[in-house]
Every structure is written in structure tokens, then in C-alpha cells.
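Structural overview
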Amino acid sequence: MTGDYEDLGLTPEEELDLEADWNLPLAFTKQRHTEKIEGTTTLTQTWRMKERMKTVSVALVICLNVGVDPPDIVKTQPCARLECWIDPLSTSPQKALEGIGANLQKQYERWQPRARYKQSLDPTVDEVKKLCTSLRRNAKEERVLFHYNGHGVPKPTVNGEIWVFNKSYTQYIPLSVYDLHSWMGTPSIYVYDCSNAGIILKSFRDFSTQGDKPTEEAALNASQTSTSSLASTSTTAVKSCIQLASCGPNELLPMSPDLPADLFTSCLTTPIKIALRWYVLQNSGKLISGLTQERVDRIPGQLNDRRTMLGELNWIFTAITDTIAWNVLPRDLFQKLFRQDLLVASLFRNFLLAERIMRTYNCTPVSCPALPPTYQHHMWQAWDLALDLCLGQLGDILDNGASFKHSPFFAEQLTAFQVWLNYGSIDRNPPEQLPIVLQVLLSQVHRLRALDLLGLFLDLGPWAVSLALSVGIFPYVLKLLQSSARELRPLLVFIWAKILAVDNSCQADLVKDNGHKYFLSVLADPYMPAEHRTMAAFVLAMIVNNYPNGQEAAMKGNLITICLEQLLDPAHLLRQWLALCLAKVWTNFSAARWCGVRDIAHEKLYCLLDDPEPQVRAATVFALGTFISNSTERSDHANNIDHTVGMKLVNMVNDGSPLVRKELAVALGGLVQQFETQFAAVAYQFMEEERLKQTTPLLVTGVTTGGWNLVNVASALSPLQSYNSSGGSSYESLSGSVDITVIPNLPSERIKRVSSSTSLTGILNKSLGNVFTNGWSTLLHLATDPFPDIQNMAKSIVNVVNLKAKMSAQPRQMKQSTTISHSAPASPSNKPIIPIMSETPPPSTHDSSALINPSTSEIPIGSKYRYSTQFSRSRKMFDKGPSVVTADEKEEEPVVPLVKNQPMATEFFSWCCIHFAQSVKRLPEDHDLDLESSTHHEREFKFIRNANLRREARSEQLRAGLGRLDEEIFVNKNTSLPTVIRFQPYEPNIAVADKEGVSVWNWEQGVHIHHFANHNPRNSRITSMDFINAHDKTLLLTGSDDGAVRVWNDFCGLTEAGTQLLTAWQALSDMLPSNRGSGIVTEFEQESSHLLVSGDVRLIRLWDVNREMKLRDIPTGADSCVTSLSTHQSTDRSLLIAGCGDGSVRVYDRRIPSPDCRIMTLREHKGWVVKVHMQGCTNGKIVSASAAGDVRFWDPRSTESIHTVNTANGLTALEVHPYADVIACGSVNQMIRVFNTSGDSLSVIKYHEGFMGQRIGAVTCLAFHPYKVKLAAGSTDSFITVHSTPENKKR
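What this report covers is the structure whose coordinates are included nearby.

This brings us to the sheet that holds strand S37 (residues 1259-1264). Within the open sheet, the four strands sit side by side as S12-S39-S38-S37. Their pairing is antiparallel. The open sheet terminates on both sides in strands that have one partner only, identified here as strand S12 (967-973) and S37. Recorded for the sheet is a direction-independent mean angle of 15° between the axes of neighbouring strands. Strand direction decides the pairing type here: strand S38 (residues 1270-1275) and strand S39 (residues 1279-1284), joined by five bridges, are antiparallel. In the sheet register, Leu-1271 faces S39, and the bridge partner there is His-1283.

Here it is in C-alpha cells:
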């Protein structure tokens, strides 16, 4: 990010300083940290019609009685005469009637050619009844259409009766609409083309209202009459009817001689012809010279050929009427009328035209269900423009044979759609052009652009996908999968990824139409970009997700082979989805699993376990977990494969990402499902090991200089380790010694905690035993994971297996008919350990509720690794005969709940799918792309604030080495004894860590802001703390002496969500506390996003927090703990300084391989090194201090110190300001001394300020502000203070 900061008056150096913040990377801000790992709530999709319907029968009832006008209507002269575009007076009445009937049928066949048509010309009541009952009988549950032309009979009666004839045509006979409806049945649609037609709909509504009362009475009175039953049935039927009427209850049909007599029917069945005729009649038609009705009737082309003028006009008309309906109608009504039935949709599209035309003649067509007025919708102007442009060419085409120029209508509408996409937002109304985009997909000319714009629209989010599906996009994009055009592949893959991310039910449609083959070909195409292959992998993963037909189809399409060939692709998102796709294809599908075995899929996936992307590693563990969890048939081959995969998976236990470890817990749960009895045997071994360990005394043989006790291997080695070791090999320590084991010289309760952890990790590291031992050790390790979700998942598995182990060891009453076997199944070491009679769980007197609430279980699981269970002394553990069962035991025989009945899963896959449901082309993590966004402005404000603070602090830094630093500007009592204290660099806050939590104080205002628990195990304490992303989104990192590191968001508790744990992992294992343990020591490098960790171990571990994985281990070479770490503040940061508990200061060059990277050891200190610091300047010196009070300065090029400052003995803390020439040290003597690098004493702080100030306590921790000259201190009396120079007291 570069910007213009001239208005701020900054020098070039200060501008560079400001730019530095923009260039600093951020840690722990990915979506996997900031979001909950869970899928979105699946909304019920309403775009699918619950039932497709088809109009299969059409009754054409025409009552004209040609030559005889009805008595109640006085016609004008001249008058409208055309019926179905035939003049009935041009031929004999009978031929005219037959011709009109034939034409009407042809006009309907244009919209529904496969329906069964029946004409009834000038019928009687009986003929109508026979016709309707016959059509309903043949139609069954499908829809029947009843078209009524009543131009030759009187208007409908006030009761809604229509008129037909008697046999001799001497009388008009009324036909009750109620009777008509009873013959037609449901579903049905009625079209009434006669004067006062609206009265028929009114009669239907009245009938429905009257029918409600008998229905309500019927619900209260079981003895209702047959009449009310009929009324009730009719009421429901009436409500499901669709009706179209040509005019209102008191309106007459238009009689203009320029119009057809059946204007309403013409609009419904021949919309383009009547629209053109009406256009000529309007004033707009006069704009085109020579345009007449005769020339309009000669427009070339076919209605169904979009390449011709007539066909294009029909296409435009369909798009416009569809758009008007979609923008005006409620979504459910639009679906019912415009998407359920093709004929109904066509009639209602044309009904919109009828409303527009007939309203100009004082007629208002009505419908049921009623539609809002649409005759003034602005899209009609687009229709008029399209007619202007098309008809303007007509003369040249007819007279000169000119070629037809296609209308720019669709291109312009796509442009309007694109403008909405560029400048619209979800707060505005949806784009009205969406139905037009649907129509454009039918055109090869505009298809590519339409698909591109459609993809951009779908990328706006799930709401956009739902809108597109509701408008009817699905069948079009499904049919396009049959296209072989390569240019469509990226667009179709993107669109289908968006659709399936929102509605996974489309998988069945894809498999049914072989659409999956399209995506298989895209995924297998090496010339396709990785982005599009990723989307194809996602689509295929959704096709096989919990869908056996999809799994089988994908397996037959060689999906497994295609995925395996691309596992090493450079695109991490593609690698992730290849693994997820494999996981889903063989989930609970043995055929696919064995297909993977033949392709050694599990071995090929191993390479991704070390992938730099945590989500790829998690996906790989997920894939391997489903691989070993779905085999139904047990065989030696299957078992061996599961064992191999399990042994590989346990190595992921120390992965830095909770995503990975959570999937590991699920995978091991699946392994336990397959081999529950063997795991129960191992669990029992661990119980016995813990019991023996508590009863076996340790033989101490010596003490190291670092304070660690040396213990005889024979006494320290657990029975399980001895049992599984080969040839009595001894336990090796990390330093390479083979004859001693280091055990902390601590109180017994702490020894329990640490020694259990040590023995577990020893088993893990040395691969002692087989997959069951290592798998169980890993589960126990995960049961104490610092991330709560993982801990709870692992505990649930451990509790179930422990319970089964306990139950399997209990004696049971054997059935008399059963042959007793004294042989136990093979233990993990192929030796019988506990007597397990069979796979069937034994009876137990323990309630299974203990699994639900581990705190009440008799199998304690927690932070202390207590795996033993308190068994009764009188229990006959190895009794080989049938046990004597008491009456009480006979009554209660609960079955041990098996893990198989409690499948465990995470929402990792569903969470990954959200990536495609959200905007892919507008990545949320790219905040700086939009320079006008609020996020960008907020960051810019922070960075300017940071630069100003650093600039203002420089003057303090220059004066710091010359004046006092003892003005107490803040003092308060913390909730507990402070162990670590840190300044927040750019906010007036200090974070104070005690044993189990962190308090945050505002040192300027002197108020307590927040306190939160760190949730580290009991008997552990926080020993390290760092601010991460301090320049931007500040996070707090805490480290506790059990080796765990936690990262907290909103540590000030300012939001509703409160303080949240973003991530946590075991940064160190094999912690070996001494008499004076340093716990865990951390150093975070913001520029490289590296975290250095050491402490009560013999190594320094380097973590990449972006990758969330260990980069390397640097052996310290010391026989003591590491007490302090420091790195060179230059850009390369190659030098690493470590202070140790034996008094040595060790220098490492990280550019050199780990075994040889220690380049210097400084040994002048005689005691515990309290602090080491590497000055940041070019020729920066190493500063170190020991508990003896000597502060030494070293040149990194020499092994001898160049300067020494002696302070008081009993030094407990020392801090060096990173920029100012000032050093502070605190001691047990209740004193803080401040001096400069020359050794000149600047201040001595012994008392709190005020009258008769209280003496400060023994100092436990110190911290300088990273930029300002402010010193914070914590003491054993729980007081925390902040001191400043006198002139900067109030700043």
C-alpha cells in the first residue's frame, strides 16, 4: 500500500516508517481463525416445484349461432366480426363455425401440441357435460382447460350461469358454473371470452365463501348433510382453479371493426399477430411510412425460428412478459403460474398483453388468482422500441429483399444487467433483467456474455443463487452441460459450483443426466486453469456427498485416479478439494475404497500431510480418516491397510492447526470403531501402567547443573514401555544419552502431571508398540489438547474405550450352553494382557450416563493423564470359571455403549463449502483492494496513529539515558500475583498474566478493563506473553509451562462476543521442569510470522504461524532449561540468542542446519540467566543478566564480554528498552534499579509514591513500552506499577 501523506507533514524517513505498517503481514487473521468451523444453515429451497403439472386435455366450447345475434347486446355497425381470424359471414354458418373451431384448436396447439383437443360447437348442456366428464376421466390427475366463447349467446346471469343451446337451437339454456366445475374436476383452468365475464369469477368467489360455512360446521358436527359435504369439496376445488375472463362484471367486449371480435382469445393464443395489429392502430404506428395491416401480416419468418424477424419478436415478447411477471408477482405465485405448466405460463404471459390492449378499449381482463396491474410497466416501452426497430426495416425487406438486422434488445438488456452488477448492491431491488438473461442463454450469439454475467451475479451470495433458481435458470444450465464448447467450460463450472454450494439436492439431477461426466472431463483436462479444476473438484465432491448413486457414477468415471494424479498441483485450494473429493467418494462405499487401495491412494495422500496449508492437511487427514472408517468386511489385508494409515496419522498429533487435530480425533475415532476390542486391551494396559507407576519408587542417581534429577532407567521405564521395547533397549533422552532419564525434582502432584505427559510423548516419539498403542497414546494426548473442542472430542472417545476396558476385565456369568474359552484376543503386542471373553460387551453395573458427563464417570480423564480406574479389591479379575452372580447383579445388565453407535464428525467439509457459497471474486481477506472501504480507512487511521506515536516517542528515547525514570504514573493491585507483564504498543493498556489468567489495565486512566481465564491445566502457570499484529488487529499470545500456546482475540472484552480463543496448540512437548523451571519462553517475529519457543526442554522450536506447522528444532546443547530468547532486530534475523539456566548464553545462526547452527557459547555468568537481549542497531551488542546480579555486554564476534555492570544479588527480572539507552532490573530485595548501558545509575525505586509510601514487593516481572520510555513492574504483593520520566509523566 502506497499513499500520499504530504498533508501530514512527514519527512521521507517518516513516510517510510508509515509504509512499514502497511507491509507488515498479519497472523491468525484467516477465516479458519475468525470463523466458527461450521456449515451454514440449509434453507429450504422453494424454486423446485413440488409437483410439475401438464395440461393434457382441452375443451373448446364455442357458442356463436352464426347469423343470430344475442338479444341482450346491441352491436354497432360496422362491428367487430373476426372469430379466430375468420369472418363468419364470409361463408355458410356451419362451415364458418367449423373453421373457427379448427382455427382455435390450431392456435392452442401452438402452445401445447401434445394435448388432447375436443371441440363442442354450439353445444347443449348434455354435450358439455359429456365432453367435460370424458376429458376429466382421461386426464386423471392432470390439468384440463375449458375455453368458452359466448359471443352468440346472452351475457352470463347474475348467478354466474353461462348459456348454451337446446337441441333445436330455439332456446338459450343456462349452465350453472357450479355444475360445470363439478364435471371438470381439478386441477383445471377456465377461459371465458364473453361480455360481463367477470361476473362468472365473482360467482365462483361467492360460492367459495358460502362453502366455508358448511365446512366449519362439518368440523363441529359429524352428521353433516350431503349438500354441505359437496359444498366443502367444491370449496377446496374452487380455490385450486385458475380462471381467465375477458372483462369485468359490467363491461362489454370491444366492437371496433378494426379489432377481432374475440380480442381476448386473440391476445391469449396469437399474441404477436394482435400486438402488431394493435401497434399499427396506435399513433406510434404512423411513425413508419407505408406501414399497413396488410404489410404487417407479411412479416417474414416463423414464430419458432429466432433467426427470423417474426421469431425474434416472439422471443423478445416472451422475455419481456416473463420479466414483468417476475418483477411484479410474489415468488410463489410466479412459480405457480409461470413455471409449473407450460400452457398456463404461455396463457398468463399473453394475458399481460391482453390487459394492456383491452384496457385501451375500456375493458379490464380479470383472473383468479388476481394479478396486480401490469399494463403500465416500463418494460412495455422496451417492447414498443423493439417493434419500432423491427418494423422500420419491414419496407426495405419486403420491397428490396434486404437482410434482417437483429434487434439490439438483448445486448442492451445485458448491458443494463452489467451496470447493475457494477453499481448495485444487495440493499437494492434485484436486477429486473434476470429473466432476460435466462432467455439469452438460448442464443449462441449472446450465450457467452450471458453466462459470464450470470456467474458474476451468482457470486454475490446465496441470495443471488436462490433468485436465479427461482426465475428458472436450472434446466437451462443443466442442458448446457451437453455442449462441447471449450469456451463455456470455465463459466459453467463456476455457475454449477455456486448452485451446488447453495442447494446440494441438484446432485441427483446431474447424475441422472450424466452431468457429472462434464466435470470429470474438466478436472482431467491439464490445460484448464487450476481455479476451474478446483471448482470441478468441488462440484464432484458435492455430487458424491452422501449420495450412493453419485459415488458409484463418479467411481466408474475414474474420479479417484483423476484426483490422485493431481495431488501435487501447486494450487493449494485444488489440493484441498482433491483430498475432500476423495474423502467423500469412498465414505461408506467399500467399492471406492478398494479402488483407492488398488491405486495406493492412501500412500499417495501421505505427501499432503506435510503440506504448508493447514486446510490441505486437515482435508488429507479427513480423507484418510474416512478411508479407514468405512470398511464393512474385515480381512487381514484390510486390517493391515488400516494399521498402516493409523500409524501415519498419529504423527499429526503435534500439528499446530486445530483443524488438523480435530480431524485427527475423528479419524482415530473411526479406527477405534474398527478395532474396539484391541483398543480396550491397550487402555487396560495404560491403567495398569499408571497404577504401577504410582506404587513404584523412583531411584534418583544424581542432579544436573540445571536442576534436573537423574533417575535410574529401570525404575523410570513403565511396564508398557518395557513390554513393547525390543531387546531391552533403554529410553533415549533428547540429548542423546541412553543411560539416564531426567525427572523433575518437584512435589509429587506436579511429578504426576509431567511424568505422565513425558511417558506418553516418549511412546509417541519412539514408536514403541503397534498402531493400537500409538493410537491410544495419541487419543490420550488429544484428551488434554489446549483447544477445547479437540479435548472434548478425544475425551468422549477415551471415556467410551476406558469403560469398555473396565467392563471387559470384569468377570461375567457364562451361559451353560457356551463353551468357555480361556484365551484372550491378541493384544497390541501379540500377548494376552486382559481376559476378554468375546466381542460382546459384558454386563455392567455402571450407568452409561458417565460417558455424557465425564466428571461423574469412574474413569477420570483430564489434564493429569490419570488413566487408572479404582477397582474393588474383591473383584476376581482373572477368574476363569463362571462367576457367582448375585440377585442385584442379575437385575441390572446395561450394555456398554459402543463407539460404533456414536459416530463422530466435524463440520469441516460443510465449512469448506462456504467458500463457494460466498463471493469468490471478491475475497474478504483482500481489504486493501477497495480504497474507499471502511476497513481500509480504519487501517489507514491506525497506521497514521502508529507513526505519530513512534515519532513522538523518539524525543523521549533520546533523553532517556540521561534522566530519572521513577515517576509512578500508575499503581494498582492485580487480582493475583503477576508473572508476566506487557505493554500494548499502540494503546494505553498493559496485560498482566497471573497463574491462570490475564488482566488488562488502562495505565493512563488507571482502570481495570477486563480479566479472562487462560484455561491452562491446574498446576501449570502462564510464563510467556506476546502481542501479535500490534500495529493492526491486536491479538494476545500466552504460553503456559505445560508447553501450550494460546492466541486470544478481543482480550479487552470490548465486543459482545467477548474474549475468544482463536487457536491453541502444543508448542512444546517433553517439558522437563526443574527445581526452578522457566516454563515456556516465546519470541514472536511479526515480519516473518515466526514464533520461537523454548523453555524446560533441550531445544528451540521454530513455528511458522501462517502455515501453523513446525519449521525446525534447534538443539540447545545445554543440560538445562532455556530462560530467555532474543533475535536480531534486523531484516535477516539470522542470529538467535538463548539464555540458559546453567548460566550460559548461546548464540545460533539460523542459516546453518540445525545440528551445527550453534556458533558461540558465552559462559561468564555463574548462575541462572534472567534475560538476554540483542540490540537492534547495526553493531548491536548482546546484553545478558544473571540472578547473581551481573549484567554483561557482549560483542557477537567475541566470546568475552566487553562490559559488565554489577547490580544487587538476587536479580529476578531485567528489561532492556529496544530503542532508548536505559536498562531496568528488579530483585528479591524489593528494589528496581534503572541505569544506562554505560552503567550509570539513573533511578532506584524502592517505595510507592505518596505520603509514607509503602515499600514495593519483591519484583516478579518487568516490561518496557516498545516505544515510549515507560516501565511496568509486577511484584509479589500483587501490585503492578508504571513508571515514567518526569517530563513525560502525563503523556
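Further remarks concern the sheet that holds strand S6 (residues 188-193). The strand order across the open sheet formed by six strands is S2-S1-S3-S6-S7-S8, and the pairing between neighbours is mixed. Either end of the sheet is taken by a strand with one partner, and the two such strands are strand S2 (116-121) and strand S8 (366-368). The sheet shows a mean angle of 10° between the axes of neighbouring strands, direction not considered. Of the pairings in the sheet, the one linking S6 to strand S7 (residues 242-245) comprises four bridges and is parallel in character. Bridge assignment links Ile-189 to a residue of S7, and that residue is Ile-242. Taken strand by strand, helix H3 (residues 93-109) contacts strand S1 (55-62), S2, strand S3 (143-149) and S6, and its axis lies near 155° from that of S2. Against the sheet, helix H4 (residues 125-139) contacts S1, S2, S3 and S6, and its axis sits at roughly 170° relative to S1.

Okay, helix H41 (residues 908-917) next. Counting buried residues along H41, eight of its ten residues qualify, which places the element largely inside the surrounding structure. Among the residues of H41, those classed as buried are Phe-908, Phe-909, Trp-911, Cys-912, Cys-913, Ile-914, Phe-916 and Ala-917.

All right, on to the pattern of salt bridges then. Enumeration according to the criterion identifies 44 salt bridges in this entry. Linking Asp-322 and Arg-349 is a salt bridge whose minimum nitrogen-to-oxygen distance equals 3.5 Å. Taken together, the residues Asp-322 in helix H11 (residues 309-328) and Arg-349 in helix H13 (residues 342-359) connect sequence positions 27 residues apart. The same class applies to Asp-322 as to Arg-349, namely buried.

Next up on the list: the environment of Glu-1249. Secondary-structure assignment places Glu-1249 in the loop between strand S36 (1241-1245) and S37. The exposure class of Glu-1249 is partly exposed, given its relative accessible area of 39%. Along the backbone, Glu-1249 and Phe-970 are 279 residues apart, and their C-alpha atoms lie at a distance of 9.9 Å. Ignoring sequence-local partners within four residues, the contact set of Glu-1249 consists of Asp-966, Glu-967 and Glu-968.

So, on to the pairing of S7. Burial along S7 is two-sided: the residues Ile-242 and Leu-244 and Gln-243 and Ala-245 are all buried. As paired elements, S7 and S8 share three bridges and run antiparallel to each other. Bridged to Ala-245 within S8 is Val-366.

Pairing of strand S15 (residues 997-1002) with strand S16 (residues 1007-1013) involves six bridges; the strand directions are antiparallel. By the bridge assignment, Val-998 is partnered in S16 with Phe-1012.

Turning next to the packing of aromatic side chains. Scanning the model with the defined rule gives 35 aromatic pairs in all. Judged by centre distance (6.2 Å) and plane angle (90°), the ring pair of Phe-264 and Phe-351 falls under edge-to-face. Placement of Phe-264 in helix H8 (residues 263-269) and of Phe-351 in helix H13 is noted, with a sequence separation of 87 residues between them. Across the pair, exposure class does not vary: Phe-264 and Phe-351 are buried alike.

Mapped onto the fold, Lys-498 is located in helix H21 (residues 489-502). If sequence neighbours within four positions are ignored, Lys-498 has contacts with Leu-458, Asp-459, Val-465, Phe-916, Ala-917, Gln-918, Ser-919 and Val-920.

A word on helix H23 (residues 516-524). Turn by turn, an α-helix covers 3.6 residues, leaving residues three or four places apart pointing in a common direction. Three or more residues of H23 are buried, namely His-516, Tyr-518, Phe-519, Leu-520, Val-522 and Leu-523. The elements touched by buried residues of H23 are H21, helix H22 (507-512), helix H24 (530-544), helix H25 (548-556), helix H26 (559-564) and helix H27 (572-585).

Once that is clear, we can look at the packing of H21 against H41. At a closest axis distance of 8 Å, the pairing of H21 and H41 adopts a crossing angle of 135°. Between H21 and H41, the crossing angle belongs to the class labelled oblique. In the packing of H21 onto H41, the handedness of the crossing is left-handed. Listed contacts from H41 to Ala-497, Lys-498 and Ala-501 of H21 are Cys-913, Phe-916 and Ala-917. Split by residue class, the contact of H21 with H41 holds five nonpolar, no polar and one charged.

The rules we used
Residues numbered from 1 in each chain as written. Predicted model: local features only at pLDDT ≥ 70, side-chain atom pairs only at ≥ 80, totals over all residues. Heavy atoms only, no water. Pairing = 2+ DSSP bridges. Helix = DSSP H or I, 4+ residues; strand = E, 2+ residues; numbered from the N terminus. Axes fitted to C-alpha atoms, helices over the stretch in contact; angles between N-to-C directions. Contact = heavy atoms within 4.5 Å. Buried < 20%, exposed > 50% of the residue type's maximum accessible area, 1.4 Å probe, protein only. Salt bridge = Lys/Arg side-chain N within 4 Å of Asp/Glu carboxyl O. Phe/Tyr/Trp six-rings, centres within 6.5 Å; stacked < 30°, edge-to-face > 60°. Parallel < 35°, antiparallel > 145°, perpendicular 65-115°, else oblique. Left-handed = near helix turned anticlockwise from the far one by under 90°. Nonpolar A, V, L, I, M, F, W, Y, C, P; charged D, E, K, R; others polar.

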